[in-house]
Amino acid sequence: QVQLVESGGGLVQPGGSLRLSCAASGRIFSINVMAWYRQAPGKQRELVASITSAGSSNYADSVKGRFTISRDNAKNTVYLLMESLKPEDTAVYYCNAELSTTWFDAQIPYWGQGSQVTVSS
């Protein structure tokens, strides 16, 4: 059984910062890409940032220069530092990990439970 548990969401004023964490636990053999997605009310879920096991990262244009994704491979944990937050960053943020549970299994995506981030004065 694999679980991704998120923490760190909340309410913040425009211009403020938050850091999200997502820890994967359970029977894990390897994790390839870890990522953060978000879904605002009435909108489709979108990719915010992703990072490979080697540390290569990618960002959505809307968050470049403001958000930083990082990971601790020893702890199977991914982080998202969000700075200079804007009201349009308000959404439920989901972590995602492509992982395998044994050496012979294909990697499949697992999802966290979602964390509400609200940017408002």
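In what follows, the accompanying structure is described. This one's a predicted model, so the numbers in the text were calculated from it and none came from an experiment. (Residues numbered from 1 in each chain as written. Predicted model: local features only at pLDDT ≥ 70, side-chain atom pairs only at ≥ 80, totals over all residues. Heavy atoms only, no water.)

Now for the pattern of salt bridges. According to the stated counting rule, one finds 4 salt bridges in the structure shown. Salt-bridge contacts for D89 lead to R38; the nearest nitrogen and oxygen are separated by 3.0 Å. Of the two residues, D89 sits in the loop between β8 (77-82) and β9 (91-100) while R38 sits in strand β4 (residues 30-39), which places them 51 residues apart along the sequence. For R66, the salt bridge is made with D89, and the minimal N-O distance between the two is 2.8 Å. Note that R66 is positioned in the loop between β6 (57-59) and β7 (67-72) and D89 in the loop between β8 and β9, a separation of 23 residues in sequence. Among the residues examined, R66 registers a relative accessible area of 10% and is labelled buried. (Salt bridge = Lys/Arg side-chain N within 4 Å of Asp/Glu carboxyl O. Helix = DSSP H or I, 4+ residues; strand = E, 2+ residues; numbered from the N terminus. Buried < 20%, exposed > 50% of the residue type's maximum accessible area, 1.4 Å probe, protein only.)

This part covers the pairing of β9. With 8 of its 10 residues buried, β9 lies for the most part within the structure. As defined by bridge partners, β4 adjoins β9 across 8 bridges and the pair is classed as antiparallel. Note on β9: the bridge partner recorded for I31 is L99. With 3 bridges joining them, β9 and strand β11 (residues 115-119) adopt antiparallel strand pairing. Following the sheet pairing, Y93 is matched in β11 by S115. Examined bridge by bridge, β9 and strand β10 (residues 108-111) share 4 bridges and lie antiparallel to one another. Across the sheet, residue A97 finds its bridge partner in β10, namely Y110. (Pairing = 2+ DSSP bridges.)

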